[in-house]
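Fold and geometry: a report
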Amino acid sequence: MKRLGILLSGRGSNYEAIADSVDAGRINAEIAVVISNNPMAKGLQRASERGHRAICIPSKAMEREAYDRLVVAELRAARVDLICLAGFMRLLSAYFVNEYPQRILNIHPSLLPSFPGLEAQLQALEHGVKHTGCTVHFVDEWLDAGPIIVQSTVPVLDSDSVGTLSARILEQEHHIYTEAIGLVLSENFRIEGRRVLRIK
Ligand code: GAR
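In short, a report on the structure. Predicted model, so just to flag it, every value in this text is computed and none were measured.

So, about the overall build of the protein chain. The helix and strand inventory of the protein chain stands at six helices and nine strands. Taken over C-alpha atoms, the radius of gyration comes to 16 Å for the protein chain, in line with the 16 Å a tight globule of 200 residues would show. With the C-alpha coordinates of the protein chain rotated into their principal frame, the extents come out at 50 × 40 × 35 Å. With 200 residues in all, the protein chain has 50% of them scored as buried. Taking all contacts inside the protein chain whose residues are at least 6 apart in sequence as the whole, residues at least 24 apart take part in 62%. In the structure as shown, the protein chain presents an accessible area of about 9,900 Å², 51% of it carried by carbon and sulfur atoms.

Taken together, Arg11, Gly12, Ser13, Asn14, Gly87, Met89, Ile107, His108, Pro109, Asp144 and Glu173 make up the full set of residues near the ligand. Contact between the ligand and Arg11: an oxygen atom at 2.6 Å from a side-chain N or O atom of the residue. One of the backbone N or O atoms of Gly12 is found 2.7 Å from an oxygen atom in the ligand. Protein burial of the ligand: of its 450 Å² of free accessible surface, 89% is covered by the chains. Sorting the residues of the shell around the ligand by element identifies α1 (13-23) and β5 (104-108) as the ones contributing at least two each. Class assignment for the residues of the shell around the ligand results in three nonpolar, five polar and three charged.

Moving on, we get to the packing of aromatic side chains. Tallying each qualifying case throughout the model produces two aromatic pairs. Consider the rings of Phe138 and Phe189, whose centres lie 5.7 Å apart with planes at 35°: the pair is tilted. One end of the pair, Phe138, is in strand β6 (residues 131-138); the other, Phe189, is in strand β8 (residues 189-192), with 51 residues separating them in the sequence. Side by side, Phe138 and Phe189 carry an identical accessibility label, which is buried. Sitting above the plane of the Tyr95 ring, Arg69 keeps its charged end 3.9 Å from the centroid.

Consecutive side chains of a regular strand alternate in pointing toward one face of the sheet and then the other. Counting buried residues in strand β2 (residues 29-36) gives seven out of eight residues, a clear majority hidden from the surface. By the bridge criterion, seven bridges tie strand β1 (residues 2-8) to β2 in an arrangement that is parallel. The residue bridging Ile6 from the neighbouring strand is Val34, located in β2. Taken together, β1, α1 and β2 constitute a β-α-β crossover, and its handedness is right-handed. Two elements, β2 and strand β3 (residues 54-56), share three bridges in a ladder whose sense is parallel. Looking at β3, one finds that Val34 is bridged to Ala54. With respect to chirality, the unit in which β2 leads through helix α2 (residues 42-49) into the neighbouring parallel β3 is right-handed.

In the contact formed by α1 and helix α6 (residues 162-186), the axes pass within 9 Å of each other and the chain directions differ by 50°. Here α1 is positioned oblique relative to α6, judged by the angle of their axes. Along this stretch, α1 crosses α6, giving a crossing that reads as right-handed. The residues of α6 that touch α1, namely those facing Ser13, Asn14, Ala17, Ile18 and Ser21, are Leu170, Glu173, His174, Tyr177, Thr178 and Ile181.

The rules behind the values
Residues numbered from 1 in each chain as written. Predicted model: local features only at pLDDT ≥ 70, side-chain atom pairs only at ≥ 80, totals over all residues. Heavy atoms only, no water. Helix = DSSP H or I, 4+ residues; strand = E, 2+ residues; numbered from the N terminus. Rg over C-alpha atoms; globule rule 2.2 N^0.38 Å. Buried < 20%, exposed > 50% of the residue type's maximum accessible area, 1.4 Å probe, protein only. Contact = heavy atoms within 4.5 Å. Areas by Shrake-Rupley, 256 points an atom, 1.4 Å probe, with all protein chains shown as cover. Near = heavy atom within 4 Å. Polar contact = N/O pair within 3.5 Å; in protein donor to acceptor, adjacent residues only side chain to side chain. Nonpolar A, V, L, I, M, F, W, Y, C, P; charged D, E, K, R; others polar. Phe/Tyr/Trp six-rings, centres within 6.5 Å; stacked < 30°, edge-to-face > 60°. Lys NZ or Arg CZ within 6 Å of the ring centre and 35° of its normal. Pairing = 2+ DSSP bridges. Right-handed = clockwise from strand over helix to strand, strands pointing away. Axes fitted to C-alpha atoms, helices over the stretch in contact; angles between N-to-C directions. Parallel < 35°, antiparallel > 145°, perpendicular 65-115°, else oblique. Left-handed = near helix turned anticlockwise from the far one by under 90°.

Have a look at this one:
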């Protein structure tokens, strides 16, 4: 059975969606460890309530690579095969990325490469796009930048606020993260340049 490591910084709804998919057999893997850089993260609390190994490694005042070495040590100890960033609000160092080539996924609430970084839903509203959405991609050392695995589009309505738009995007996030994890675990893909192509 493949082993997932989930990294989060906040609410943890994407973690919960992944955990629900694991429990329902939609993802053929187990959650080996949940790690947060934020001691107050709701997601960390939910993970321990659900019986997952939940660890806080505070990142405050730590240099990036020194921090990542602590996280990688925990992931190794937990024998993790695939890492899912689920609202983990930190850039990974080259060291971290090179330890897990093509084995780190991230979810982002926009159609990348539009609106990387913080408050992607607000960026989309302010820009005036008519469609936005969410993206699951492989992680490299640049912000929201690696090869794209799955995307889903969401219309922007005239009546939308950041709250209503974010909620509709989040619903899609929960679906596409399961789909992307399934594809990567199945190994039925190849990467050509930036393109992630299905082979079955
Ligand atoms: C999600 O919307 C996720 O896409 C976003 O943070 C939120 C976390 O929610 N991630 C990023 O913006 C990463 N650049 P959650 O804690 O409920 O999963």
